[in-house]
Amino acid sequence: MIKPDKTKTDSKKIQIKDMFNDISSRYDQINKMMTLNMDKNWRNIVYKLSMSDNPNKIIDIATGTGDIALCFANKSVDVVGVDNASMMLDLANKKKGNISNIKFQLEDAESMSFQDNTFDVATVGFGVRNFEDLNKGLNEIRRVLKPGKRLIILETAVPSFFIIRFGYILYTKLIIPILGKMIANNQKAYEYLSTSAKYFPHGKEFKLILEQAGFENIKIKFLSLGIVNIYSASKPL
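Note that the structure is a prediction, hence the values are computed from the model and not measured.

(A) Main features of the overall build of the protein. When helices and strands are tallied, the protein shows seven helices and seven strands. Overall, the protein shows an N-to-C arrangement of helices and strands of α-α-β-β-α-β-β-α-β-α-α-α-β-β. A compact globule built from 237 residues would reach a C-alpha radius of gyration of about 18 Å, and the protein, at 17 Å, matches this within 12%. The principal-axis extents of the C-alpha atoms in the protein amount to approximately 45 × 40 × 35 Å.

(B) Region of interest: the side chain of Ser50. Assignment of secondary structure puts Ser50 in helix α2 (residues 39-51). At 2.7 Å, the side chain of Ser50 forms a polar contact with the backbone oxygen of Val46. Sequence-distant contacts of Ser50, defined by excluding residues within four places in its chain, comprise Pro55, Ile58, Phe72, Val121, Thr123 and Ile152.

(C) A look at the packing of helix α1 (residues 12-34) against helix α3 (residues 86-96). Between α1 and α3, the least distance of the axes is 7 Å, while the angle of their chain directions is 30 degrees. In this view, α1 runs roughly parallel relative to α3, as classed from their interaxial angle. Mapping the contact onto sequence places Phe20, Asn21, Ser24, Ser25, Tyr27 and Asp28 in α1 and Ser86, Met87, Met88, Leu91 and Lys95 in α3. Along the lines of polarity and charge, the residues of the contact of α1 with α3 split into five nonpolar, four polar and two charged.

(D) How the structure looks around unusual backbone geometry. Even without a glycine there, the phi angle at Ser224 is positive, about 50 degrees. The exposure class of Ser224 is partly exposed, given its relative accessible area of 26%. A positive phi angle is found at Leu225, which is not glycine, with a value near 60 degrees. Structurally, Leu225 can be placed in the loop between β6 (216-223) and β7 (228-234). When its relative accessible area of 66% is taken as the criterion, Leu225 is described as exposed.

(E) Broad picture of the pattern of salt bridges. The full count for this structure, using the stated rule, is eleven salt bridges. Linking Lys95 and Asp28 is a salt bridge whose minimum nitrogen-to-oxygen distance equals 2.9 Å. Taken together, the residues span a long stretch of sequence, with Lys95 in helix α3 and Asp28 in helix α1 at a distance of 67 residues. The exposure class of Lys95 is partly exposed, given its relative accessible area of 34%. For the salt bridge of Arg143 with Glu140, the shortest nitrogen-to-oxygen distance reads 2.8 Å. Linking Arg143 with Glu140, this pair stays in helix α4 (residues 134-144), spanning three residues, or about one helical turn. The buried category is assigned to Glu140, whose relative accessible area is 10%. Overlapping salt bridges bring together Asp28, Asp39, Arg43, Asp67 and Lys95 as one network.

(F) Highlighting the pairing of β7. Among the seven residues that make up β7, seven are buried, leaving the element largely enclosed by the rest of the structure. Both faces of β7 are covered, namely the face carrying Val228, Ile230, Ser232 and Ser234 and the face carrying Asn229, Tyr231 and Ala233. Here strand β5 (residues 145-156) pairs with β7 via seven bridges, running antiparallel. Within β7, the residue paired with Glu155 across the bridge is Asn229. In terms of strand pairing, β6 meets β7 through six bridges, oriented antiparallel.

(G) A look at the sheet that holds strand β2 (residues 78-83). Taken in spatial order, the seven strands make up an open sheet running β3-β2-β1-β4-β5-β7-β6, and their pairing is mixed. Strands at the two margins of the open sheet, each flanked by one partner only, are β3 (102-106) and β6. For this sheet, the mean angle separating the axes of adjacent strands, direction not counted, is 15 degrees. As paired elements, β2 and β3 share five bridges and run parallel to each other.

Calculation rules
Residues numbered from 1 in each chain as written. Predicted model: local features only at pLDDT ≥ 70, side-chain atom pairs only at ≥ 80, totals over all residues. Heavy atoms only, no water. Helix = DSSP H or I, 4+ residues; strand = E, 2+ residues; numbered from the N terminus. Rg over C-alpha atoms; globule rule 2.2 N^0.38 Å. Polar contact = N/O pair within 3.5 Å; in protein donor to acceptor, adjacent residues only side chain to side chain. Contact = heavy atoms within 4.5 Å. Axes fitted to C-alpha atoms, helices over the stretch in contact; angles between N-to-C directions. Parallel < 35°, antiparallel > 145°, perpendicular 65-115°, else oblique. Nonpolar A, V, L, I, M, F, W, Y, C, P; charged D, E, K, R; others polar. Buried < 20%, exposed > 50% of the residue type's maximum accessible area, 1.4 Å probe, protein only. Salt bridge = Lys/Arg side-chain N within 4 Å of Asp/Glu carboxyl O. Pairing = 2+ DSSP bridges.

What follows is the structure, given as structure tokens:
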């Protein structure tokens, strides 16, 4: 298990919460720099996939500062964004303002307070690799989804083409931690984000994990030369 700080004895869940609270004020700024502003396009694809089945209720898990949830602002759908980092949610609420169809609340993604079969769509943007127990988190998402409804995950991947892969690893291993140190004053956080992205299962390997968690009809979109994937999977009827 990869933790933000392997010298500490705290659980991964607590370290993740503390890490995101610590970098919350600079998170959006660094995220745009890290992704070269491509994250907006990725979120728009998640939004379009989510709305394609005309959902009524959507949950955005590991919502952070709410960027995916806010894609649904003033649409005919109720959205709840959940996260375990309260300072990230404070920023999400500031960005939300008076938007009435979206709310944010503190939740543990691996043990949520919602009833079974509540949501038509669940989205997770760059969050599943931060779960302490990936299988438990996926099973919890499946629990709160209605039968036949979709989970959509946006997550990092490592490109397969050698030259792009080399550039990606160089960028994530060297540049991103430097940005984290310079802007957020937390190099360890961005070293963790880079390392977790490198070693987290992706593509066919993650598809198998989704199947083992009880999902079906799994599809993968490979985006931006393979540096991110979007997974779409359904809860069985």
